[in-house]
Amino acid sequence: MYYRLSVDRLRMNVFLVEQFDAPRSFITGKRVAPPDRLPLEYVMEVDVDESPVMFPFFPHVNLMNARLINVLADAGVDNLQIFPARITDPNTKTIYDDYFAVNVVGLVECADMARSDHAPLADLFFFHQLVIIPERARGLLLFRLAESPIDIIVHERVARAIRNADFPEIVLESVMPD
């Protein structure tokens, strides 16, 4: 079994903006050279009149907190490049330094295009409902989907570890055929 890793965006009230000099793409599935300046800097924007809800995972900027990274490592995930990051709330001057920019190394072409509900997005696809061909994942524990590199796919073993660690903000959507 495999699952698409995402977050409950309806509960998310924090938006993060990258502030480092040389943005690197962490969605290619390839290793990248370490950034020149660490930690990588991010600035937080919070919905008006709300206190920030700090999720363990901010997929749009590839940030994970230390606890989630440890859960992934304990589940056997070994294909992450991890770079220190710092999130600053400009309104309160609060600094969150237990986050890391995470590059997932591994890009797998395994979407079942005939069974998935998808729409073209430039030269890739946006999946409303994703179905994968599990044999093509070759038992990998965590990888990016080649047809939509913004999507991170996790093996059932990793999904179980995430569930057991009680991350209510994380959504694990099955991507297996019926």
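Computed from a predicted model, the values in this text were never measured in an experiment.

> Describe the nonpolar core, and please don't skip the residues or the numbers.
Of all hydrophobic cores here, the largest spans 42 residues; its most connected members are Phe58, Leu63, Leu72, Val154 and Ile162. The residues contacting Leu63, other than those within four sequence positions of it, are Leu16, Tyr42, Pro56, Phe57, Phe58, Ala85, Ile87, Tyr99, Phe100 and Ala101. Counting 13 residues, the second-largest nonpolar core is a separate cluster that includes Cys110, Phe127, Leu145 and Val175.

> An account of the environment of His155 is needed here, citing residue identities and associated values.
Examined against the element boundaries, His155 turns out to sit in strand 12 (residues 148–155). In this structure, the C-alpha to C-alpha distance between His155 and Leu172, residues 17 residues apart in sequence, is 10 Å.

> Please give an account of helix 2 (residues 156–164) that cites residues and values.
Within the span of helix 2, buried status applies to Val158, Ala159 and Ile162. Here the buried residues of helix 2 occupy an arc of 100° about the axis, which is enough to place them on one side. At its buried positions, helix 2 is contacted by strand 1 (2–7), helix 1 (66–74), strand 12 and strand 13 (170–174). Asp166 occupies a position one or two residues after helix 2 and carries a positive phi of about 60°.

> Before we move on, can you summarise the sheet that holds strand 7 (residues 95–104) with the specific residues and values?
Pairing is mixed across the open sheet formed by 6 strands, whose spatial order is 2-3-6-7-5-4. Of all the strands in the sheet, just strand 2 (14–18) and strand 4 (57–58) have a single pairing partner and so form its edges. Relative to strand 5 (residues 63–65), strand 4 runs antiparallel, the two sharing 2 bridges. Looking across to strand 5, one finds that Phe58 is bridged to Leu63. Across the sheet, helix 1 lies against strand 4, strand 5, strand 6 (80–88) and strand 7, angled at about 85° from strand 5, the strand it touches most.

> Outline the side chain of Asp89, listing residues and values.
Among the secondary structure elements, Asp89 is positioned in the loop between strand 6 and strand 7. Put simply, Asp89 is tucked away with no salt bridge, and the nearest opposite charge, on Lys93, sits 7.7 Å away. In this structure the side chain of Asp89 is engaged in a polar contact, spanning 2.9 Å, whose partner is the backbone nitrogen of Asn91. Ignoring sequence-local partners within four residues, the contact set of Asp89 consists of Met44, Val46, Pro52 and Thr94.

> I'd love a proper account of the pairing of strand 12, names of residues and values included.
With respect to burial, strand 12 is a largely interior element, 6 of its 8 residues being buried. Note that strand 1 and strand 12 share 4 bridges and pair antiparallel. Note on strand 12: the bridge partner recorded for Leu5 is Ile152. Pairing geometry for strand 11 (residues 142–145) and strand 12, over 4 bridges, is antiparallel. Residue pairing in the sheet places Leu142 in a bridge with Val154 of strand 12.

> An account of helix 1 is needed here, citing residue identities and associated values.
Among the residues making up helix 1, those that are buried are Leu68, Ile69, Val71 and Leu72. What you see down the axis of helix 1 is that its buried residues fit within an arc of 160°, all on one side. Trailing helix 1 by a residue or two, Gly76 shows a phi angle of about 105°, which is positive.

> Tell me about unusual backbone geometry, and name the residues and values.
Going from Leu38 to Pro39, the amide bond is cis rather than trans, its omega being 0°. Mapped onto the fold, Pro39 is located in the loop between strand 2 and strand 3 (40–46). At Asn62, a position not held by glycine, the phi torsion is positive, near 55°. Note on placement: Asn62 falls in the loop between strand 4 and strand 5. By relative accessible area, which is 11% here, Asn62 ends up buried.

About the thresholds
Residues numbered from 1 in each chain as written. Predicted model: local features only at pLDDT ≥ 70, side-chain atom pairs only at ≥ 80, totals over all residues. Heavy atoms only, no water. Core = buried A, V, L, I, M, F, W, Y, C linked by side-chain atoms within 4.5 Å. Buried < 20%, exposed > 50% of the residue type's maximum accessible area, 1.4 Å probe, protein only. Contact = heavy atoms within 4.5 Å. Helix = DSSP H or I, 4+ residues; strand = E, 2+ residues; numbered from the N terminus. Arc of directions from axis to C-beta. Pairing = 2+ DSSP bridges. Axes fitted to C-alpha atoms, helices over the stretch in contact; angles between N-to-C directions. Lys, Arg positive; Asp, Glu negative; His and termini not counted. Salt bridge = Lys/Arg side-chain N within 4 Å of Asp/Glu carboxyl O. Polar contact = N/O pair within 3.5 Å; in protein donor to acceptor, adjacent residues only side chain to side chain.

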